[in-house]
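Structure assessment
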Amino acid sequence: MMKKAVQLFKHKAFDLRWALLSGVLVGTSYIPLPPWALLFCYAPLWISVSGKNPPSLKQAFWSGWVTQFVLTAIGFHWIAYTAHEFGAMPWVISFAALLLFCAFMHLYIPAATTFSVWLKGKFNLSQTQTLFTIALTHALLERVWPVIFDWNLGYTLLGANIPAYQWADIIGFAGLSAVILLMNAWIASIWVNFKKSLHSLAQITVLVVVLVFLVIGGGLHKTKWDHFDREFKTTIIQANIGNSDKIQAEQGRGAQEFITRKFTSMTLQAAQQFPDTELFVWPETAFPDYLDQKLNHRKYSQILAKELVNLTQPVLTGAYSRSPVMDPHRDEATFNALFLIDGRGNNLDAPYLKTNLLAFGEYLPLSEKFPIMLKWLPFISNFGRGTGPRALGWNHNQETIRLGGQICYEGLDPAFSRGLANSNSDILVNVTNDSWFGRPFEPLQHMYMTLARGIETRRPLIRSTNTGISTVMLANGDLQQTSPLHEEWVGQFTVKYLKNAPTTPYVKWGHYDWSILLLALFGIVLTGALNARSRRP
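Keep in mind that what you see is a predicted model, and the values were worked out from it rather than measured.

Let us look at the overall build of the chain. Along the chain, the regular secondary structure elements total 19 helices and 11 strands. Classification of the 537 residues of the chain by burial places 54% in the buried group. Nonlocal contacts in the chain, meaning residues at least 24 apart in sequence, comprise 71% of its contacts between residues at least 6 apart. When the accessible surface of the chain is totalled, it reaches about 24,000 Å², and 63% of it is carbon and sulfur.

Right under this line is the structure:
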């Protein structure tokens, strides 16, 4: 019996060898690893399902499923650590959660292969047409598929500092991902048609020219954003608060005073070390209590005000906000928020209330329609939801600097940052807490995926984290110093920016590039259908 099982496994593994290879190529080419196989990582999978004798739809699906399972296990293995740290699950259950995540989170990959194989059979598409059909379908589906957080291959360009990422202010990182996927289809097409040597060599030449244009042209495109007309100095406070203290503070069981005093003492020391600092930035929920003006009589607000009374610079910090119109005993009455305060804890503007909440961490999916679920699962947080992107006004040197706040993974949502750009934000500020995710994959992935918003909108981006990685990136893509992971740290930055910076093409219309992809997909299918019809007797 065991022998038969081993033979069956070997047989299935051999049938799926190209799918396995693609999974490894994609997984080992994503942040924080170098993108060594970026331009051909999907080629083995796509070639295997698009040949003259295509597999059944079931086989096409399972091939794509194996690829997405393997790449997810390699690139996002930190899900197990997060389930253990954030969800307090035993390691056995945490690994089971990782397997479930790998099995279901990126099903758009097998959906693209299955749909394209169906189109090939339906409209008699050639292998080259099928390859590009898969790439286009994949590019479209990865934008709309429901996932916990969006990722795409475009981010790898920024992570590896390949200047082609500079084009993101025109087509966004999703557009760059579509270009990379189409390159995969192009290279796969050259490979399968290599016997036509002259034709293939001509295509290789054109491909190299396109790549050179994207890379060198991106570097030249950057110079357009190298000029600034304003600047200020900011200091980021990374206090490295441990998970146990964060949990106790969030549940009101202690550690609030310890956390408050740690941030205030580090800030006072930084003020002496960097006396020319004009703004201090603390991370997400750095202040472990409500910070609304009407609640500044509370114990920890009083401690903060007493400690920082002589601080002349404002502090931008994550904290909690309580709704003035809801029952304070209801979970939804509490918001994850971003405050701009002076040394006495006075609000210098109304707080920004987090809008994009983290599923299962900050809200229970479907609970708004089925409130009974909150009674069934009372241990899941259920924060209130803000009304959308909004900038905080900081009065500085007789003018107002608009600070566009992003809390945690709101920085991964391009639409959210487009909203900040459209509300005339001068600076993007991302505050987050990555202490739940371990090292080194997630912190680097999260950092680069957040910094991408600065390129798309061409706004400088300040990133303040609890445990790292904290940094500042200018609108031209120049990355400043980065903080160490899981260490107490303070760092001063000179934030150069352009007041009333122009709206980028991406913010205006570049995010509608999906319509071009859809038209290209329709054109391929229509061409295949017409050719199939002309070949009928």
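Now that the structure has been shown, we can carry on.
With that out of the way, let us pick up the sheet that holds strand S6 (residues 391-396). Read from one edge of the open sheet, five strands run S6-S7-S8-S9-S10, paired in mixed fashion. At either end of the open sheet lies a strand with only one pairing partner, and these are S6 and strand S10 (471-473). Neighbouring strand axes in the sheet, compared pairwise and without regard to direction, differ in orientation by 25 degrees on average. Here helix H16 (residues 414-422) sits on the sheet and contacts S6, strand S7 (399-407) and strand S8 (427-432); the angle it forms with S7, its principal contact strand, is near 170 degrees. Each of S7, S8, strand S9 (461-465) and S10 touches helix H17 (residues 441-457); the most contacted strand, S9, lies at about 155 degrees to it.

Here we take up the pattern of salt bridges. Across all of its chains, the model carries 16 salt bridges by this definition. Across the pair Glu257 and Lys299 runs a salt bridge whose closest N-O atoms are separated by 3.8 Å. One end of the pair, Glu257, is in helix H13 (residues 256-273); the other, Lys299, is in helix H14 (residues 299-307), and 42 residues separate them in sequence.

A few words now on the sheet that holds strand S4 (residues 334-341). If you trace the six strands from one edge of the open sheet to the other, you get S5-S4-S3-S2-S1-S11, paired in mixed fashion. Strands at the two margins of the open sheet, each flanked by one partner only, are strand S5 (352-353) and strand S11 (489-497). Contacting strand S1 (230-238), strand S2 (279-281) and S11, H13 runs over the sheet at an angle of about 140 degrees to S1.

Across the interface, helix H4 (residues 57-75) lies against helix H7 (residues 108-123) with an axial gap of 7 Å and an inter-helix angle of 155 degrees. Judged by the inter-axis angle, H4 sits roughly antiparallel to H7. H4 and H7 meet at a crossing whose hand is right-handed. Contacts between H4 and H7 pair Leu57, Ala60, Phe61, Gly64, Trp65, Gln68 and Leu71 from the former with Ile109, Pro110, Thr113, Thr114, Val117 and Trp118 from the latter. Among the residues making up the contact of H4 with H7, the classes are represented as nine nonpolar, four polar and no charged.

Take the nonpolar core next. Counting 106 residues, the largest nonpolar core has Tyr42, Trp151 and Leu153 as the members making the most contacts within it. Not counting residues within four places of it along the chain, the set of residues in contact with Tyr42 comprises Ser22, Val26, Thr67, Leu71, Ile109, His138, Leu153, Leu181 and Asn184. Counting 25 residues, the second-largest nonpolar core is a separate cluster that includes Ala249, Leu308, Phe339 and Ile341.

A grouping of Phe194, Leu201, Ile204, Val208, Val212, Val215, Ile216 and Leu220 is seen on the molecular surface, where their side chains present a nonpolar patch of about 700 Å² in accessible area. Taking relative accessible area as the criterion, Val215 reaches 33% and is therefore assigned partly exposed.

Negative phi is the rule for most residues except glycine; trans is the rule for most peptide bonds. Omega for the peptide link from Ile31 to Pro32 comes to 15 degrees, which places this bond in the cis form. In this structure, Pro32 sits in the loop between helix H2 (17-27) and helix H3 (43-49). Here Gly468 and Ile469 are connected by a cis peptide whose omega angle stands at 15 degrees. Along the chain, Ile469 falls in the loop between S9 and S10. The residue Asn161 is not glycine, and still its phi comes out positive at about 55 degrees.

To continue, consider the packing of aromatic side chains. Within the structure shown, the criterion is met by 23 aromatic pairs. Here the aromatic rings of Phe61 and Trp62 are separated by 5.7 Å at their centres, their planes lie at 80 degrees, and the arrangement is edge-to-face. Relative accessible area serves as the criterion here: at 29%, Phe61 is assigned to the partly exposed category. On the basis of an interplanar angle of 90 degrees and a centroid distance of 5.5 Å, the ring pair of Trp78 and Phe437 is categorised as edge-to-face. With Trp78 in helix H5 (residues 78-85) and Phe437 in the loop between S8 and H17, the pair connects residues that are 359 residues apart, well separated along the chain. Accessibility assignment for this pair places Trp78 and Phe437 in one class, buried. In this structure an aromatic cluster arises from ring pairing among Tyr30, Phe76, Trp78, Phe149, Trp151 and Phe437.

The rules behind the values
As a convention, each chain's residues are numbered from 1 in the sequence order in which they are written. Local features in a predicted model are, by the rule used here, given only for residues with pLDDT of at least 70; side-chain atom pairs are given and counted only at 80 or more, and totals for whole chains, interfaces and linings are based on all residues. Note that water and hydrogens are dropped before the side-chain values are worked out from all heavy atoms of the structure. Under the DSSP-based scheme used, a helix requires at least four consecutive residues in state H or I and a strand at least two consecutive residues in state E, with every element numbered from the N terminus. Categorising residues by exposure relies on relative accessible area from a 1.4 Å probe, with only protein chains included: less than 20% of the type maximum marks a residue as buried, more than 50% marks it as exposed, and the intermediate range marks it as partly exposed. Note on contacts: a residue pair qualifies if any of its non-hydrogen atoms lie within 4.5 Å across the two residues. Every accessible area reported is derived by Shrake-Rupley at a probe size of 1.4 Å, with residue values counting cover from the shown protein chains alone. In this description, strands pair whenever DSSP reports at least two bridges between them. Between N-to-C directions, angles cover 0 to 180 degrees, with each direction set by a line fitted to C-alpha atoms, over the stretch in contact for helices. One side-chain nitrogen of Lys or Arg within 4 Å of one carboxyl oxygen of Asp or Glu is enough to make a salt bridge. The scheme is simple: roughly parallel for angles under 35 degrees, roughly antiparallel for over 145, roughly perpendicular for 65 to 115, oblique for anything else. In this scheme, a crossing is called left-handed if the near helix is turned counterclockwise away from the far one by less than a right angle; it is called right-handed if the turn is clockwise. In this classification, the charged set is Asp, Glu, Lys and Arg, the nonpolar set is Ala, Val, Leu, Ile, Met, Phe, Trp, Tyr, Cys and Pro, and all remaining amino acids, among them Gly, are polar. Definition of nonpolar core: a set of buried residues of the types Ala, Val, Leu, Ile, Met, Phe, Trp, Tyr and Cys, connected through side-chain atoms within 4.5 Å. Like-charged residues are merged into a patch within 9 Å and nonpolar side chains (Val, Leu, Ile, Met, Phe, Trp, Tyr) within 5 Å, provided each residue has over 30% relative accessible area and no salt bridge. For Phe, Tyr and Trp, where Trp contributes only its six-membered ring, two rings pair if their centres lie within 6.5 Å, and the inter-plane angle classes them as stacked under 30 degrees, edge-to-face over 60, or tilted in between.

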